[in-house]
Each structure stands twice: as structure tokens, then as C-alpha cells.
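Structure assessment
One-letter residues, chain by chain:
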Amino acid sequence: MHIPDGFLDPTWIIATYAVTLGYLALTWRRASELIKGDRAITVSIFAAGIFVAQMLNWPLPGGTSLHFVGGALAGIVFGPVVGFYVMFIVLAVQTLVFHDGGLTTFGANVLNMAIIDVLAGYYAYRLVVGIAGNSRRSRLLGSFLGGWLGIVLAGLAAGVEIGLSPSFPYGVTVSVPVMVSWHALLGIIEGLATAFIVDYLYGKGGLAAWGGRL
Amino acid sequence: MTGVLSKYKRPLVLIVVLLAFSPVFGVILAERVGYHEPLDVAAEKLGLREWDLPEWSPFPDYTVPGLPDTVGYVLSGLVGVALIIALGLALSGKGRGG
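Residues numbered from 1 in each chain as written. Chains lettered and ligands numbered in written order. Predicted model: local features only at pLDDT ≥ 70, side-chain atom pairs only at ≥ 80, totals over all residues.

Digging into the overall build of chain A
In terms of regular secondary structure, chain A is built from six helices and two strands. Reading chain A from its N terminus to its C terminus gives the helix and strand order α-α-β-β-α-α-α-α. Relative to the 2.2 N^0.38 estimate, which gives 17 Å for 214 residues, the radius of gyration of chain A is 17 Å and therefore close to what a compact globule would have. The principal-axis extent of the C-alpha atoms belonging to chain A is close to 50 × 35 × 30 Å. (Helix = DSSP H or I, 4+ residues; strand = E, 2+ residues; numbered from the N terminus. Rg over C-alpha atoms; globule rule 2.2 N^0.38 Å.)

Some details on the overall build of chain B
Helices and strands together make up the secondary structure of chain B, namely three helices and zero strands. Reading the secondary structure of chain B in the N-to-C direction produces α-α-α. Expressed along its principal axes, the backbone C-alpha trace of chain B runs to roughly 55 × 30 × 25 Å. The 98 residues of chain B split such that 29% are buried. Across chain B, the fraction of contacts at a sequence separation of at least 24, relative to all contacts at a separation of at least 6, is 63%. (Buried ≥ 20, exposed ≤ 12 C-beta atoms within 10 Å, placed from the backbone. Contact = placed C-beta atoms within 7 Å.)

Observations regarding the interface of chain A and chain B
Listed as interface residues are 48 residues of chain A and, on the opposing side, 50 residues of chain B. Breaking the side of chain A that touches chain B down by element, the ones donating at least two residues are helix 2 (38–53), helix 3 (71–98), helix 5 (136–163) and helix 6 (172–203) of chain A. Residue composition of the side of chain A that touches chain B, by class: 31 nonpolar, 14 polar and three charged. (Nonpolar A, V, L, I, M, F, W, Y, C, P; charged D, E, K, R; others polar.)

Re the packing of helix 3 of chain A against helix 4 (residues 106–132) of chain A
Residue and element names in this part refer to chain A. Contact geometry of helix 3 with helix 4 gives a least axis separation of 8 Å together with a crossing angle of 165 degrees. By the angle between their axes, helix 3 is roughly antiparallel relative to helix 4. In the packing of helix 3 onto helix 4, the handedness of the crossing is right-handed. When grouped by side-chain class, the residues that make up the contact of helix 3 with helix 4 number 19 nonpolar, seven polar and one charged. (Axes fitted to C-alpha atoms, helices over the stretch in contact; angles between N-to-C directions. Parallel < 35°, antiparallel > 145°, perpendicular 65-115°, else oblique. Left-handed = near helix turned anticlockwise from the far one by under 90°.)

Looking at the nonpolar core
Ala47, Val86 and Met87 of chain A are the most contacted members of the largest nonpolar core, which has 94 residues in total. Among the elements that line this core, the one with the most residues is helix 3 of chain A, at 18 residues. (Core = buried A, V, L, I, M, F, W, Y, C linked by C-beta atoms within 7 Å.)

Details of the confidence of the model for chain B
Averaged over all residues, the pLDDT of chain B is 92; the fraction at 70 or higher stands at 94%. Complex prediction metrics read pTM 0.95 and ipTM 0.95. (pLDDT = per-residue confidence, 0-100.)

A word on the packing of helix 1 (residues 10–34) of chain A against helix 3 of chain A
Residues and elements named next belong to chain A. Running from amino to carboxyl end, helix 1 crosses helix 3 at an angle of 100 degrees, the nearest separation of the two axes being 9 Å. The orientation of helix 1 relative to helix 3 falls into the category roughly perpendicular. Packed against helix 1, whose contacting residues are Tyr23, Thr27, Arg30, Ala31 and Leu34, the element helix 3 presents Val81, Val82, Phe84 and Tyr85 at the interface. Of the residues belonging to the contact of helix 1 with helix 3, the class tally is seven nonpolar, one polar and one charged.

Some thoughts on unusual backbone geometry
Despite not being glycine, His99 of chain A has its phi angle at roughly 55 degrees, a positive value. Mapped onto the elements of the fold, His99 of chain A is located in the loop between helix 3 and helix 4. Looking at His99 of chain A, the number of C-beta atoms within 10 Å reads 22, which means it is buried. Positioned with a positive phi, Tyr62 of chain B is a non-glycine residue whose angle comes to about 60 degrees. Locating Tyr62 of chain B in the fold gives a position in the loop between helix 2 (38–46) and helix 3 (69–92).

A word on the environment of Ile85 of chain B
In this fold, Ile85 of chain B is placed in helix 3. Ile85 of chain B sits in the buried class, given 22 other C-beta atoms within 10 Å. Measuring from C-alpha to C-alpha, the distance between Ile85 of chain B and Leu5 of chain B comes to 9.5 Å, with 80 residues separating the pair along the chain. Each residue touching Ile85 of chain B, except ones within four places of it in the same chain, is listed here: Ser44, Ile45 and Ala48 of chain A.

Quick notes on helix 6 of chain A
The end-to-end C-alpha distance of helix 6 of chain A is 43 Å, a good match for the 46 Å that 32 residues give at a rise of 1.5 Å each. In the structure, helix 6 of chain A departs most strongly from a straight axis at Ala184 of chain A, where the bend amounts to approximately 35 degrees. (Expected span 1.5 Å × (residues − 1). Bend = angle between axes of the 7 residues up to and from the residue.)

Focus: the environment of Ala132 of chain A
Residues and elements named next belong to chain A. With respect to the element layout, Ala132 can be found in helix 4. For Ala132, a count of 13 C-beta atoms within 10 Å gives the class partly exposed. Counting along the chain gives 49 residues from Ala132 to Ser181, while the straight-line C-alpha distance between them is 28 Å.

Here it is as C-alpha cells:
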């Protein structure tokens with residue numbers, strides 16, 4: 001899901017950086033109130049866990065594979081603001097230290113995995129738990145749907161970004177079906193992993209000790 | 001490990017265990033199945049090509065120059081984890097081992 005340099009049109013590079021910088025500016029103050037003291041350590045260890053989980057590729061023989069992304073999980077556990085910074089830090093380290101994702105495409109990768117994936121996961125979870133009540137079953141369902149939807153929408157966004165360019169306007173009719181169908185399938189694994197981790201963390205007495213939101 | 005981190009022993013142990021196994025998934029099996037993502041499939045259909053920019057990262061694609069890919073993968077992971085947690089410690093204002 002990490003878009004490398006060369007895949008994006010200049011229009012998309014500028015637009016996605018603008019959205020990312022705007023989101024940073026909007027959330028900065030709230031984040032600096034939330035991410036301090038012990039909670040800063042908690043958030044960083046969680047981010048480190050997501051960074052490592054992303055290194056564990058799912059080896060699907062003969063097919064297209066993926067790895068855990070974790071944006072929805074971060075959103076469910078920490079809420080949309082802190083969840084964004086969890087993923088932002090992971091993506092920044094991946095890009096700068098390991099060349100995983102490009103520099104010109106960093107804005108797009110943040111938009112897809114730190115904004116769209118996080119918000120989709122957070123709101124899907126909140127919606128399900130809000131409607132069905134805070135039972136174990138609704139938490140599992142909400143976090144599964146959040147993980148799945150987050151991946152599908154992030155994949156859709158990436159498909160639009162690489163496929164929709166003024167120089168090649170019909171590419172989007174190719175890239176979006178590929179990205180959405182594959183991620184709808186592979187997103188099931190992300191959904192299951194998200195549900196399992198949320199259930200585990202909740203079973204540990206909620207996330208009060210983590211400074212989170214469950 | 002600094003005293004501040006001692007109460008996070010369990011998640012830290014989990015991270016190290018996952019890292020120890022990471023080359024199995026990230027290197028060995030990934031090579032065996034020819035790991036590629038939906039994004040690679042879409043890019044190929046669109047004919048997109050990655051730019052050949054000068055390498056800016058010290059550990060490109062989670063490798064350490066001169067070391068086998070499996071060892072480099074684990075070391076890269078440790079570097080990434082250390083950087084992220086160092087940032088957390090710095091933001092917490094408790095980074096001096098207290």
C-alpha cells in the first residue's frame with residue numbers, strides 16, 4: 001500500500017501533501033495535549049508494534065499478498081487524533097529510514113493509511129458499538145468491519161490517486177477495480193487481526209492503562 | 001532498558017519476539033511466494049514506473065549493507081523500533097532513565 005516515487009502525478013503530490021499538512025495543522029494542538037507524559041511512551045510502543053506487524057508479510061502462495069497496516073486498529077484504540085500520529089510516525093520512519101514509500105508520495109501514503117484508514121476504523125467501530133451496544137460480540141464485529149473497511153477505503157484512495165491523472169484520465173477505471181477487489185479480499189485478514197487485537201486489549205481491562213479509548 | 005520502560009515489559013517482549021520471527025515472513029516466505037501487493041498489480045497494469053532517485057535511506061528495503069537479508073531485516077526492525085520509542089521517550093519528558 002506504500003506508494004513509491006514515480007506513481008503520482010504532480011497534481012496529486014501537491015493535493016495529498018496539502019491534505020496531510022492541513023490535517024496536521026488541525027490536530028496538532030489536541031495531539032500535543034494528549035501525547036505527553038506516560039501516554040507518549042504508550043503511544044510510541046504501540047506505534048513500534050504496528051511498525052513490526054507491518055514487517056510480517058502474509059505469504060499467500062501464487063497470489064497477491066499484503067501485510068498488516070494497522071490504521072484502523074490505531075483509530076479504534078486511540079481515537080482519530082492520536083491514531084493519526086501513531087500512523088504518521090510509523091510512515092515517517094518507514095519512508096525516511098527504510099525507503100518504504102516515496103518522498104513525493106509521502107502525503108498520499110499518510111492520507112491513505114494515517115487519515116482514511118484510521119477514520120474508517122474509528123467510525124465503523126463506534127457506529128457498530130453505538131448501535132449494538134458495548135458487548136463483546138459488537139466489539140468484535142465493529143473492529144472487524146473497521147479493519148476491513150479501513151483497508152478497502154485506503155486501497156480505493158490509492159487506486160484513485162495513481163489512476164486519476166490529467167495525463168492519463170482513464171487509468172482510474174483500471175486501478176480502482178484492481179485495488180478495491182484485492183483489498184476487499186485481503187482486508188478480511190486485516191479485519192480479523194484488528195478484531196483479535198482489540199478483543200485482547202479489551203480483555204486486559206480496557207485500555208485505561210494504555211491511555212487509550214476502549 | 002531504562003527504568004521508565006520497565007512497566008512496558010510485556011509489549012516490548014512481544015515486539016522482540018515478533019522481530020525475531022519477522023524474516024520468516026518478510027524475507028524467506030516473501031521471496032518464495034514472490035510477494036507483491038495489489039498496488040504492484042495496479043501499477044503494472046497502468047505501466048507506472050518507480051523513479052530512480054538517489055538512495056536517501058541508510059537501510060533501503062529493511063536491509064543492512066553487507067549483511068544477509070534475514071539478519072538485516074531484524075536489525076532494521078530493531079532500529080525502527082528504537083527510533084519510534086526514543087521519540088516517545090523524548091515527548092514524555094522522561095527520557096533520562098528515571
